Number of protein chains: 2
Amino acid sequence: MEDAIKYAFDFERHMTPEKFERFKAFAADKETPFVVIDLERIAEKYDELHRLLPYAKVYYAVKANPHDEILKMLIDRGCRFDIASVFELDQMLRLGAKPDDMSYGNTIKKARHIAYAYDRGIRLFATDSEEDVCKIAENAPGASVFFRILTDGSGADWPLSRKFGAHPDTIYRLVLQAAELGLDPYGISFHVGSQQRDIGQWDHAIATCRYLFDSLAEEGVHLRMLNLGGGFPANYVSPTQDIELYCQEITRFLEDDFGDHAPEILIEPGRSLVGDSGVLVSEVVLVSKKSEFNQYSWVYLDVGKFSGLIETIDESIKYPIFVDRESDAVKQVILAGPTCDSMDILYEDTKYEMPADITEGDRVYIFTTGAYTTSYSSVNFNGFPPLKAYILRE
Amino acid sequence: MEDAIKYAFDFERHMTPEKFERFKAFAADKETPFVVIDLERIAEKYDELHRLLPYAKVYYAVKANPHDEILKMLIDRGCRFDIASVFELDQMLRLGAKPDDMSYGNTIKKARHIAYAYDRGIRLFATDSEEDVCKIAENAPGASVFFRILTDGSGADWPLSRKFGAHPDTIYRLVLQAAELGLDPYGISFHVGSQQRDIGQWDHAIATCRYLFDSLAEEGVHLRMLNLGGGFPANYVSPTQDIELYCQEITRFLEDDFGDHAPEILIEPGRSLVGDSGVLVSEVVLVSKKSEFNQYSWVYLDVGKFSGLIETIDESIKYPIFVDRESDAVKQVILAGPTCDSMDILYEDTKYEMPADITEGDRVYIFTTGAYTTSYSSVNFNGFPPLKAYILRE
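Residues numbered from 1 in each chain as written. Chains lettered and ligands numbered in written order. Predicted model: local features only at pLDDT ≥ 70, side-chain atom pairs only at ≥ 80, totals over all residues.

## Considerations on the overall build of chain A
Which entries qualify depends on this criterion: Secondary structure elements are taken from DSSP: a helix is a run of H or I of four residues or more, a strand is a run of E of two residues or more, and numbering for both begins at the N terminus. Computation of the radius of gyration draws on C-alpha atoms, with the globule rule given as 2.2 Å multiplied by the number of residues to the power 0.38. Buried means a residue has 20 or more other C-beta atoms within 10 Å of its own C-beta, exposed means 12 or fewer, and partly exposed covers the counts in between; C-beta atoms are placed from the backbone. Contacts here follow a simple rule: the backbone-placed C-beta atoms of the two residues must lie within 7 Å.
From N to C terminus, chain A includes 10 helices and 19 strands. In terms of overall size, chain A behaves like a compact globule, its C-alpha atoms giving a radius of gyration of 22 Å where 394 residues would be expected to give roughly 21 Å. Here chain A holds 394 residues, and the buried ones make up 53% of them. The contacts of chain A with a sequence gap of at least 6 include a subset with a gap of at least 24, amounting to 74%.

And the structure:
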């Protein structure tokens, strides 16, 4: 069963025609491929999240897009940061972020990296295993720790699998162990999976957390924080509910489970903050057919899976794509990248509709590419340089 | 159905114990992760291929590993080069390779890149579509062109799909078209897929080429070259036939189909030349269990899918892995990388046996990592720097 992504491109969902003209004008004289990032859009998203979840501390997931300009703008706005490595830590410190405003959110870390972070003032760590708890106790004595429970990730476009988190029963033991080892068992975290479509996933996770809070309180350990992770959507092809509804429902789940005794709430948005801010500008390299009887044309772009569009693996993330060409007729195409690697196909099962007369040299605008693109680009795949990024200026 | 990769590590298949000691000593004081490349091994492989296929011109697929030292050594040895982009062309020219010794093997290329390559002396281009033939005729007038036929890639660990090549009937038309446009229709190429296990795949492809040679001769177009592509194996976990047998059989297929009138033969080895030369040195970051009842431990390394081991996607390439630890007892583990990305799992369906007491800080040696690793590493995934490479020295 094959889907086709219609070409009836709904600009209203993405930006005003005036804003798109700004993007186009800014991009006009630059060699493709590159991403243009609109900082205003990220600021709007950040403010919106603050307005919708006023009680939550926002820890931006730096890995989603670690561009200096994005991070500086968010520091200025009072955002906090979730870091995945000591390399991200170094970057944040260089940009002036305060250690108190950061969490080391990766459950996989070398002992010497924990010590390195602790030396630089980091006092908040994520964990999900006995071995890691012991390492934190030894290398970051007395630090606050939050414990990540395993969720099944169903309903997410980019699910999180069993790699992270542990079963609630295991977490229960870990919390007690951390307390014994002199750490501060601060709270529980979960991650429902990136680009999560099923808001009910938060309900179940929050209820599990409430159960852990209660059963640990009986042992004299009083957790004080609940980290709701990420999973808020960005604006890809398949529509999601509005962020308002996500926030409203999550607030209701919290009230249902915790009433007036809500713990401190943290969230770790990445994709939802920066995804919509980016437009990737690419150029058509070649349009061809594999045989005269072939139903579909192949459209090869100058950007591919290994130069920024890694999340097209298994065609998981479906980016909205616009070709700036007046054309009523459309055809369904297979989209692929420019390298000699056969894996470097963007969409083959899912056909995209494109203008029927699309041809080499046409500029192609790939929307919602502000998250998980540039930093995921390969250094030198087939000789192609990494994907460039620009900040949109007047 | 789950396989388990036995830990009975067969050093004989990879290198002498003395050579491994050289690797270890060289690697001892360096911060993981990194790949160590043994140039001698590549030279041996190159010489071996020359000996086994003395009639073939070897075009090294630069994309497999574009390290300057590898390329310089191969230039000195008289190797030719297949390039995937103008960026690889620039690199080769910088290193002193001659344009006559290169083919532009990517069937996907911008018109201005064809012109750029032509200006720098490139006279041999691969193609598989009408649109590309027209572009070559316009931007590289009179150049020699070879035409890539579509193969189905079955039998290959890293198959090549329908992205490249065209149906023989389409190729027939393309050859005539190229001749009309003033190009030199030089030959036919195919690629049976990387790490191809079924030698018979070459038989079928060569027979198809013979058919094209004959039918085009009837039209007065006399092709003079046959490019057998790559597909020769490197030494991963699953054994393949010896390279001797591949070469012997391919020679027999050529004799069967072309007799005494064999055309010029080109081959484009990448993986088989450089794969075995590399040892990736990694460190165990964490060993953990997801619950107390879990059968398998998770072993997290400081290298992962997006820092060099991209070919573990779908667990396609199974690298031989050695842990330098005396231990009779083994256990089956799930191997994963260090990032916060759930895709960054190396082997989960296929369990690897590891020493039962494997623990944080253990050095792990991943063999046969000389091809398709370093240059495929991401620039900044989760803040982690790209995979480093060293050339083995005394």
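## Points about the relation of the copies chain A and chain B
The line we're drawing: Copies are brought into register by a least-squares superposition over C-alpha atoms of residues with pLDDT of at least 70 in both.
Once turned by 180 degrees and shifted 0.0 Å along the axis, chain A lies on chain B with an RMSD of 0.0 Å. Taken together, the rotation and translation describe the operation of a two-fold axis. Measuring from the rotation axis to each C-alpha of chain A, the shortest distance belongs to Ser378 of chain A, at 2.0 Å. Interface residue correspondence from chain A to chain B reaches 100%, placing this contact among same-surface, isologous pairings.

## So, the interface of chain A and chain B
We count it as follows: Any residue outside Ala, Val, Leu, Ile, Met, Phe, Trp, Tyr, Cys, Pro, Asp, Glu, Lys and Arg is labelled polar, Gly included; the first ten of those are nonpolar and the last four are charged.
Counting residues at the interface gives 57 residues for chain A and 57 residues for chain B. Breaking the side of chain A that touches chain B down by element, the ones donating at least two residues are helix H4 (86-94), helix H6 (130-139), helix H7 (168-180) and strand S13 (278-288) of chain A. No other element matches S13 of chain A, which puts 4 residues into the side of chain A that touches chain B. Partitioned by chemical class, the residues of the side of chain A that touches chain B number 27 nonpolar, 18 polar and 12 charged.

## Some details on the domain arrangement of chain A
Residues and elements named next belong to chain A. To be explicit about the condition: By convention here, the domain bounds are inherited from an automatic or database domain assignment.
Taken domain by domain, chain A holds domain 1 (4-36 + 275-391) and domain 2 (66-269). Computed from C-alpha coordinates alone, the two centres of domain 1 and domain 2 are separated by 33 Å. Contacts between the two partners involve 16 residues from domain 1, matched on the other side by 10 residues from domain 2. Here the residues of the side of domain 1 that touches domain 2 are counted per class, giving 7 nonpolar, 5 polar and 4 charged.

## Overview of H7 of chain A
Residues and elements named next belong to chain A. Rule in force here: Take the number of residues in a helix, subtract one, and multiply by 1.5 Å to get its expected span. In this context, the arc is that of the directions from the helix axis out to the C-beta atoms.
In a regular helix each residue adds 1.5 Å, so 13 residues correspond to 18 Å; H7 covers 19 Å between its end C-alpha atoms and thus fits that length. Thr170, Ile171, Leu174, Val175 and Ala178 are the residues of H7 that are buried. Angularly, the buried residues of H7 cover 140 degrees about the axis, an arc narrow enough to put them on a single face. Packing partners of the buried residues in H7 comprise strand S6 (124-127), H6, strand S7 (144-148), strand S9 (184-189) and helix H8 (200-217). Trailing H7 by a residue or two, Gly182 shows a phi angle of about 85 degrees, which is positive.

## Side note on the environment of Ala56 of chain B
Residue and element names in this part refer to chain B. Within the fold, Ala56 resides in strand S3 (residues 56-61). On the basis of neighbour count, Ala56 is assigned to the buried category, with 21 C-beta atoms found within 10 Å. When the C-alpha atoms of Ala56 and Ile265 are compared, they prove to be 4.9 Å apart, with 209 residues separating the residues in sequence. Discounting chain neighbours no more than four positions away, the residues touching Ala56 are Ile265, Leu266 and Ile267.

## Quick notes on the confidence of the model for chain A
Rule in force here: Per-residue confidence from the predictor is reported as pLDDT, a score between 0 and 100.
Residues at a pLDDT of 70 or more form 96% of chain A, whose mean pLDDT is 93. Two numbers describe this predicted complex: its pTM, 0.95, and its ipTM, 0.93.

## Quick notes on the packing of helix H5 (residues 111-119) of chain B against helix H6 (residues 130-139) of chain B
All names here are of chain B. Note the threshold: Inter-axis angles, ranging from 0 to 180 degrees, are taken between N-to-C directions of lines fitted to C-alpha atoms, where helices are fitted over the stretch in contact. Geometric relationships in this document are graded by angle, where less than 35 degrees denotes roughly parallel, more than 145 denotes roughly antiparallel, 65 to 115 denotes roughly perpendicular, and other angles denote oblique. For any helix crossing, the convention is left-handed if the near helix is rotated counterclockwise from the far helix by under a right angle, and right-handed if that rotation is clockwise.
It is the contact of H5 with H6, at a shortest axis distance of 9 Å, that shows an interaxial angle of 40 degrees. Taken as axis vectors, H5 and H6 run oblique relative to one another. Read as a crossing pair, H5 and H6 show a hand that is right-handed. On the side of H5, the interface is formed by Ala111, Ile114, Ala115 and Tyr118, while H6 contributes Lys135, Ile136 and Asn139. Across the contact of H5 with H6, the residue classes tally to 5 nonpolar, 1 polar and 1 charged.

## Comments concerning unusual backbone geometry
Residue and element names in this part refer to chain A. The step from Thr32 to Pro33 runs through a cis peptide bond, and the omega angle for that step is -5 degrees. Note on placement: Pro33 falls in the loop between helix H1 (17-27) and strand S2 (34-37). For Tyr372, which is not glycine, the phi dihedral falls at a positive 55 degrees.

## Some words on the pairing of strand S13 (residues 278-288) of chain B
Residue and element names in this part refer to chain B. The line we're drawing: A pair of strands counts as paired when DSSP detects no fewer than two bridges linking them.
S13 sits mainly inside the fold: 9 of its 11 residues count as buried. The pairing of strand S2 (residues 34-37) with S13 spans 4 bridges and is classified as antiparallel. Note that in S13 the partner of Val36 across the bridge is Val279. Note: S13 against strand S18 (residues 363-367), 5 bridges, orientation antiparallel. Residue pairing in the sheet places Glu283 in a bridge with Arg363 of S18.

## Quick word on the pairing of S9 of chain A
Residues and elements named next belong to chain A. In terms of burial, S9 is a largely internal element, 5 of the 6 residues being buried. Relative to S9, S7 runs parallel, the two sharing 5 bridges. Along S9, the bridge assignment pairs Phe146 with Gly187. Here 3 bridges tie S9 to strand S11 (residues 225-227), and the two strands are oriented parallel to one another. Looking across to S11, one finds that Gly187 is bridged to Met225.

## Some words on the environment of Asp38 of chain B
Residue and element names in this part refer to chain B. Of note, Asp38 is situated in the loop between S2 and helix H2 (39-52). Residue classification places Asp38 among the buried positions, given that 21 C-beta atoms sit within 10 Å. Taking C-alpha positions, Asp38 is 36 Å from Lys110, a pair spaced 72 residues apart along the chain.

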